[in-house]
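Here is what each chain is made of, one letter per residue.
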Amino acid sequence: MRRVPSLDGSLKGWLKELQLLKSVAAKRAVPGHGPTSVDWPLGCRDLERYLQVLLRETRAAIAQGRDIDAAVKTVGLSERTRWALFDDYNGHNVIQAFKEVEWE
Amino acid sequence: MLASYLPWLGIAASAVQEPAGYWMGAIHGPVAATLSGGTVIHTKKLAALLKMGDVMVIDVSDAPRRPDNLASGAVWLPLPHPVIPGALWIPGAGIGAINPSVDKLFRECLAQRTENDLAHRLVIYCHRNCWLSWNAAKRAISYGYRNVFWFPDGMEGWRAAGLPTATAEPLLP
Amino acid sequence: MGVTRTVLLALAVSTLAALGPSRVAYADDSEAQMRAHAAQDEAERAARWQQLQQAVFGKRALADGAGVIQIEAPEHALDAALVPITLTMKSATPIKGLYVVIDNNPSPVAGHFTFGPRADPRTLKLRVRVNQYTFIHAVAETVDGKLFVSRQFVKTSGGCSAPVGADNADALKDIGLMKLHLLGPFSPGKSLQAQLMIRHPNFNGMQMDQITRLFTPPRFIRTIDATYDGAPIFHLDSDISLSTDPVITFGFVPDKKGSMQLVVRDSDNAAFNHSFAVPAG
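First, a word on what this report is: a plain description of the structure on this page. What you see is a predicted model, and the numbers here were worked out from it, not measured in a lab.

## Section: the overall build of chain B
Looking only at helices and strands, chain B features five helices and seven strands. Along chain B, helices and strands appear, N-terminal first, in the series α-β-α-β-β-β-α-β-α-β-α-β. Against the 2.2 N^0.38 benchmark of 16 Å for 173 residues, chain B shows a C-alpha radius of gyration of 17 Å, consistent with a compact globule. Taking the principal axes of the C-alpha coordinates as reference, chain B spans close to 45 × 45 × 35 Å. A burial count over chain B gives 42% of its 173 residues as buried. In chain B, 76% of the contacts between residues at least 6 apart in sequence involve partners at least 24 apart.

Structure representation (structure tokens):
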């Protein structure tokens, strides 16, 4: 099971970059860099799904008037069994998402 | 263009491989396991090495900078900085894109203390999981020093072993 | 362009693969435990608080705050640069001020609130930066000059050096923008909670810009004044221990329909003013 990413920076920025990388992957073959057993673009799909869950549920939490400390406990839980070290980093990721989304 | 993607992605490529040049990324995080041209040393061996004497120890941890324009009467009280006893504290010597006056200070401190002996043993450290000391050790090697030890466990490793500390004031240009 | 794309893809591939075991955020607990051990023992922490108490309150006595002031903060903070704290105050003698002290921060007084006639100081929320494992002390001051203290230990590190964002120009473009949310129904004379949001990077001078690799010069909020139809709600003195883009939740008592004015002043001597209709138009 892949380890959950630790989000440092803009959640929406990450999602945009993933879109870009996916569109480039469609046009070019992967050159001989990096590990041989790269699970591209599958790794990308899981990551994208997780980030989209974060974005969607953070928006919902804010719409429901939840504070950042409450959101940290509830956002992203559907992804919990799909990632290693989820409990260690998801809360941190929710904070990054929340502080960006609350300004929308 | 390439550099602008990495901050967005917020992740570092191949975090434990030695970079070719100085580490330019986020300071806190997993560090390299090796230092080309130097020796990685851990707490027990370091304590033994220091007992032999004739070793220069340099701490390159960051120092909190008092910001300009604090309110008059604002309380500015950085914690006293613990160092390995006898160490010099030269903040900024481990920054990838080093400030030229700090570079000069670092070079001169080393030259003075070692009496220009490029074989003199140097030990350089900061914190666990912090790139500053790796960069500073690499820099010392670039100045020509041949016996540079990098202590990646840092003050945390030193204190976890119950070893004594002293406090030091930062050396600034 | 072709070469750049190929290299970008290769880099992205290796970085995504590196999202495996090699990626560690500074919230790693075993590393944090090492820092805890390194930082201080109990005697050092007590000595530090003594020193701060002296610096902020001089010889004034601080009584145990149990029953008067309660501080809630995460024991293991998930983001050292954004630690949400909640202060709950209860006192027969009205409360006129509140100090939030983050013992091990280089600028330990994260905030000093002074409450005015329109304030309801029973609940206050704010977000702070915590540089390393520390006690956070909350001190309430009643109108008769008595001080009451409670504390909470918070484990985290790096709050002062954590970069503000990928792009400094971006961080400054909305500076001074504010939002105000009323967290309940308006009723004249009834206490109401409000959440104030301010766009401000609160640069402390110790954060490295990811792109230029230089330390971003300090620029931080020094005061916030909230008034209702000219009558003071609160005045806040603060500096670099407040998080980027502060969000402060506070209580006030609107006597009638009117407007709340906010004035935010920063270390560059910029002043940002906003007025919000209460209830919202």
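The rest of the description comes next.
## Some details on the overall build of chain A
Of the regular secondary structure elements, chain A holds four helices and zero strands. Listed N to C, the secondary structure of chain A is α-α-α-α in terms of helices and strands. Residue burial in chain A is summarised as follows: out of 104 residues, 38% are buried. Taking as baseline every contact in chain A between residues at least 6 positions apart, the subset at least 24 positions apart corresponds to 66%.

## Thoughts on helix α4 (residues 132-142) of chain B
Residue and element names in this part refer to chain B. Counting buried positions over the 11 residues of α4 gives nine, a clear majority of the element. Every buried residue of α4 is accounted for by L132, S133, W134, N135, A136, A137, K138, R139 and A140. The secondary structure elements touched by the buried residues of α4 are β2 (55-59), α3 (100-114), β5 (121-125), β6 (147-151) and α5 (154-160). Positive backbone phi, approximately 115 degrees, marks G144, located one or two places after α4.

## Quick word on the sheet that holds β2 of chain B
All names here are of chain B. Pairing in this open sheet of five strands is parallel, and the strands run β1-β6-β5-β2-β4 from one edge to the other. Edge strands, defined here as strands with exactly one partner in the open sheet, are β1 (39-40) and β4 (88-89). Bridge count for β5 against β6 is five bridges, and the pairing is parallel. The residue bridging Y125 from the neighbouring strand is F151, located in β6.

## Here's the deal with the environment of P254 of chain C
By the secondary structure assignment, P254 of chain C is in the loop between β13 (247-252) and β14 (258-266). Residues within four places of P254 of chain C in sequence aside, it is in contact with F186, P188, L192, Y228 and V278 of chain C.

## Describing the pairing of strand β12 (residues 231-238) of chain C
Residue and element names in this part refer to chain C. Sheet topology note: the strand β5 (residues 109-115)/β12 ladder contains five bridges and is antiparallel. Note that in β12 the partner of F113 across the bridge is L236. Pairing between strand β11 (residues 221-228) and β12: six bridges, direction antiparallel. Across the sheet, residue T227 finds its bridge partner in β12, namely P232. Hairpin geometry of β11 and β12 is characterised by an intervening segment of two residues between the two adjacent antiparallel strands and by a positive phi of about 50 degrees at D229.

## Details of the sheet that holds strand β10 (residues 192-198) of chain C
Residues and elements named next belong to chain C. A sheet is described by the order of its strands in space; here six strands give the open sequence β2-β3-β6-β13-β10-β9, paired in antiparallel fashion. At either end of the open sheet lies a strand with only one pairing partner, and these are β2 (69-72) and β9 (178-182). Here the strands of the sheet are splayed against their neighbours by 15 degrees on average, with no regard to which way each runs. In the sheet, strand β6 (residues 119-128) pairs with β13 via three bridges, with the strands oriented antiparallel. Bridge assignment links A119 to a residue of β13, and that residue is F252.

## Quick notes on unusual backbone geometry
Residues and elements named next belong to chain C. Omega for the peptide link from V278 to P279 comes to -5 degrees, which places this bond in the cis form. Along the chain, P279 falls in the segment after β15 (271-278). Phi is positive for N202, which is not a glycine, with a value near 50 degrees. Looking at the element boundaries, N202 is found in the loop between β10 and β11. Of note, the phi angle at D245 is positive, near 50 degrees, even though the residue is not glycine. Relative to the helices and strands, D245 resides in the loop between β12 and β13. Using a count of 23 C-beta atoms within 10 Å as the deciding quantity, one classes D245 as buried.

## Structural notes on the environment of A160 of chain B
Residues and elements named next belong to chain B. For A160, the position within the fold is in helix α5. Residue class for A160 comes out partly exposed when judged on the 18 C-beta atoms lying within 10 Å of it. C-alpha separation for the pair A160 and T43, spaced 117 residues apart in sequence, amounts to 9.3 Å.

Reading the values: rules and limits
Residues numbered from 1 in each chain as written. Chains lettered and ligands numbered in written order. Predicted model: local features only at pLDDT ≥ 70, side-chain atom pairs only at ≥ 80, totals over all residues. Helix = DSSP H or I, 4+ residues; strand = E, 2+ residues; numbered from the N terminus. Rg over C-alpha atoms; globule rule 2.2 N^0.38 Å. Buried ≥ 20, exposed ≤ 12 C-beta atoms within 10 Å, placed from the backbone. Contact = placed C-beta atoms within 7 Å. Pairing = 2+ DSSP bridges. Axes fitted to C-alpha atoms, helices over the stretch in contact; angles between N-to-C directions.

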